[in-house]
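Descriptive structure summary
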Amino acid sequence: MNRLGLRFSLAELGGAFGDAGTLVPLLVALIAVNGLHPTPVLLLLGVAYIGSGLFFRLPISVQPLKAVSAIAIALGLSPEVISASGLLIGAILAIAALTGALGALSRLFPRAVVRGVQLGVGLLLLKVAYELVTGHTVSPVAPVPPPPLVQNLVLGLIAAGLLLLFLYSKPFRRVPASLAVLGFGLGIGLVSGLWEGPVLSGDMPALALPGWDALSIALVLLVVPQLPLTLGNAVFGAADTARMHFGEKANRVTHRNLLLSIAGMNLAAGVMGGMPLCHGSGGITAHHRLGARTGGATVMLGVLMLLLLASAVFWGTDVLRYLSLLPYPVLGVLLAFVGVQHGLLARKVSGTAEAAVAILVGVVTGLTGNLAAG
């Protein structure tokens, strides 16, 4: 591991959980609302985290495809349609990476547009954080009505205070801020009690390709809205963000490698019935800003996912209930911090013209809630 430049420390572990505010709500909702089978979801997620850490050797995030996840949850789409979207996106991105199409696509995303994408992602993260803290976004698997607004705000304020304390106060810096905040959230969740949800079983569904009907529905409803977001944020934005945070160490985080990585994850998801996945510029900032500096962070997170799966298979542990212990206001505070830090990347522009383009892309994204529109 040292030969690969990976570190396994408390700081790396704290940074590994920096993206929890994005991952946990979508992961739980896709399983509980849309009926994705938990076993391939956790298996693919764990392998993807480990593979990303070993190959890129940096904390390159692995996230659910946001447009696919949001639309699928809102429309209650079936697991077959969700798997079909992964298969189609994987095939399209693999073709783009292996042919001359990548060069043409890259010309659509000059530096000013990439900065706008980073600003837009930051604004979207802040919007989701606000909804999580105020209770406007309610977990579709919650067994009871959302807590009162005052309770949510109190939890959010305490979590924000802890985050700032462990980030900027010298006596507390030895403990990663994200672990302190997540520990607080888990404690609150344990006191509040477990929610009643689907139990994670250890069986594995049969491998099967989606049918033509599922593929056609997925193409129109999920793939077309997702592709511009994936190219802008998960490929060109992610590569630029990695270079800004890690400099020459990000030499493996190229457009082609990111495309192939995302293609491989989604082709596997399409065949296994897993959750469609990507990398993301915001997630890279989340891992970095909260302490991760090497791929050891995502390797540890991947191992944790596989251990959760193993505990379900061999001991019948109800993993989903424990994932759902984290109160949304606590996740919202982490997400807000990452949103601010990521949006600030847009400051690195050259000249008035680049700044104008970046601001326009970011503002349109923030107002419409649609990164593709931006």
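These remarks concern the structure in this document. Keep in mind that what you see is a predicted model, and the values were worked out from it rather than measured.

Focus on the packing of aromatic side chains
Under the definition given, this model contains one aromatic pair. When the centroid spacing of 5.0 Å and the interplanar angle of 80° are considered together, the rings of phenylalanine 55 and phenylalanine 56 count as edge-to-face. Exposure remark for phenylalanine 56: the relative accessible area of 2% places this residue in the buried category. In this structure, arginine 252 is placed above the aromatic ring of phenylalanine 55, and the distance from its NZ or CZ to the ring centre is 4.9 Å.

Points about the pattern of salt bridges
The full count for this structure, using the stated rule, is four salt bridges. For arginine 115, the salt bridge is made with aspartate 240, and the minimal N-O distance between the two is 2.3 Å. Here arginine 115 is found in helix 7 (residues 111-134), whereas its partner aspartate 240 is found in helix 10 (residues 212-246), with 125 residues between them in sequence. For the residue pair arginine 115 and aspartate 240, the accessibility class agrees, reading buried in each case. The residue arginine 243 makes a salt bridge to aspartate 240 at a minimum N-O spacing of 3.7 Å. Linking arginine 243 with aspartate 240, this pair stays in helix 10, spanning three residues, or about one helical turn. Looking at arginine 243, the relative accessible area reads 43%, which means it is partly exposed. Taking relative accessible area as the criterion, aspartate 240 reaches 10% and is therefore assigned buried. Salt bridges sharing partners connect three or more residues here, namely Arg115, Asp240 and Arg243.

Overview of the nonpolar core
If you look at the biggest cluster of nonpolar residues, it comprises 90 residues, and the most contacted ones within it are Leu45, Leu93, Leu163, Leu259, Met275 and Leu277. Examining the composition of this core, we find that 11 residues originate from one element, helix 10, more than from any other. Apart from the residues within four sequence positions on either side, leucine 93 is in contact with Leu227, Thr230, Leu231, Leu259, Ile262 and Ala263.

Concerning helix 9 (residues 177-192)
Look at helix 9: 23 Å from first C-alpha to last across 16 residues, which is about the 22 Å you get at 1.5 Å a residue. When we look at burial in helix 9, the residues that qualify are Ala177, Ser178, Ala180, Val181, Leu182, Phe184, Gly185 and Gly189. On its buried side, helix 9 packs onto helix 1 (10-16), helix 8 (149-168) and helix 15 (328-343).

A few points about the environment of alanine 177
Within the element layout of this structure, alanine 177 appears in helix 9. When the C-alpha positions of alanine 177 and leucine 290 are compared, they lie 6.8 Å apart, and in sequence the two are 113 residues distant. In contact with alanine 177, other than residues within four places in its own chain, are Leu163, Phe166, Leu167 and Leu290.

Thoughts on the packing of helix 7 against helix 16 (residues 351-368)
Where helix 7 contacts helix 16, the axes come no closer than 7 Å and their chain directions differ by 35°. Taken as a pair, helix 7 and helix 16 cross one another with a handedness that is right-handed. Between helix 7 and helix 16, the residues in contact are Arg111, Ala112, Val113, Arg115, Gly116, Val117, Leu119, Gly120, Leu123 and Leu124 and Glu354, Val357, Ala358, Ile359, Val361, Gly362, Thr365 and Gly366, respectively. Looking at the contact of helix 7 with helix 16, its residues break down into 10 nonpolar, five polar and three charged.

Digging into the environment of glycine 53
For glycine 53, the position within the fold is in helix 3 (residues 38-56). For the pair glycine 53 and leucine 4, spaced 49 residues apart in sequence, the C-alpha separation works out to 9.7 Å. If near-sequence neighbours (up to four positions away) are discounted, glycine 53 is found in contact with Leu6, Leu58, Gly295, Thr298 and Val299.

Description of unusual backbone geometry
Of note in this structure, arginine 57 is not a glycine but carries a positive phi near 65°. Turning to its location among the elements, arginine 57 is positioned in the loop between helix 3 and strand 1 (63-64).

Considering the packing of helix 7 against helix 15
Each pair of packed helices gets described by two things: the angle between the helix axes and the distance between those axes. Interaxial distance between helix 7 and helix 15 falls to 8 Å at its minimum, and their mutual angle equals 160°. The orientation of helix 7 with respect to helix 15, classified from their angle, is roughly antiparallel. The chirality of how helix 7 crosses helix 15 is left-handed. Residues Gln118, Leu119, Val121, Gly122, Leu125, Leu126, Val128, Ala129, Leu132 and Val133 of helix 7 form the contact with helix 15, whose participating residues are Tyr328, Pro329, Leu331, Gly332, Val333, Leu335, Ala336, Val338, Gly339, Val340, His342 and Gly343. Residue classes in the contact of helix 7 with helix 15 are distributed as 16 nonpolar, six polar and no charged.

Conventions we followed
- Residues numbered from 1 in each chain as written.
- Predicted model: local features only at pLDDT ≥ 70, side-chain atom pairs only at ≥ 80, totals over all residues.
- Heavy atoms only, no water.
- Phe/Tyr/Trp six-rings, centres within 6.5 Å; stacked < 30°, edge-to-face > 60°.
- Buried < 20%, exposed > 50% of the residue type's maximum accessible area, 1.4 Å probe, protein only.
- Lys NZ or Arg CZ within 6 Å of the ring centre and 35° of its normal.
- Salt bridge = Lys/Arg side-chain N within 4 Å of Asp/Glu carboxyl O.
- Helix = DSSP H or I, 4+ residues; strand = E, 2+ residues; numbered from the N terminus.
- Core = buried A, V, L, I, M, F, W, Y, C linked by side-chain atoms within 4.5 Å.
- Contact = heavy atoms within 4.5 Å.
- Expected span 1.5 Å × (residues − 1).
- Axes fitted to C-alpha atoms, helices over the stretch in contact; angles between N-to-C directions.
- Left-handed = near helix turned anticlockwise from the far one by under 90°.
- Nonpolar A, V, L, I, M, F, W, Y, C, P; charged D, E, K, R; others polar.
- Parallel < 35°, antiparallel > 145°, perpendicular 65-115°, else oblique.

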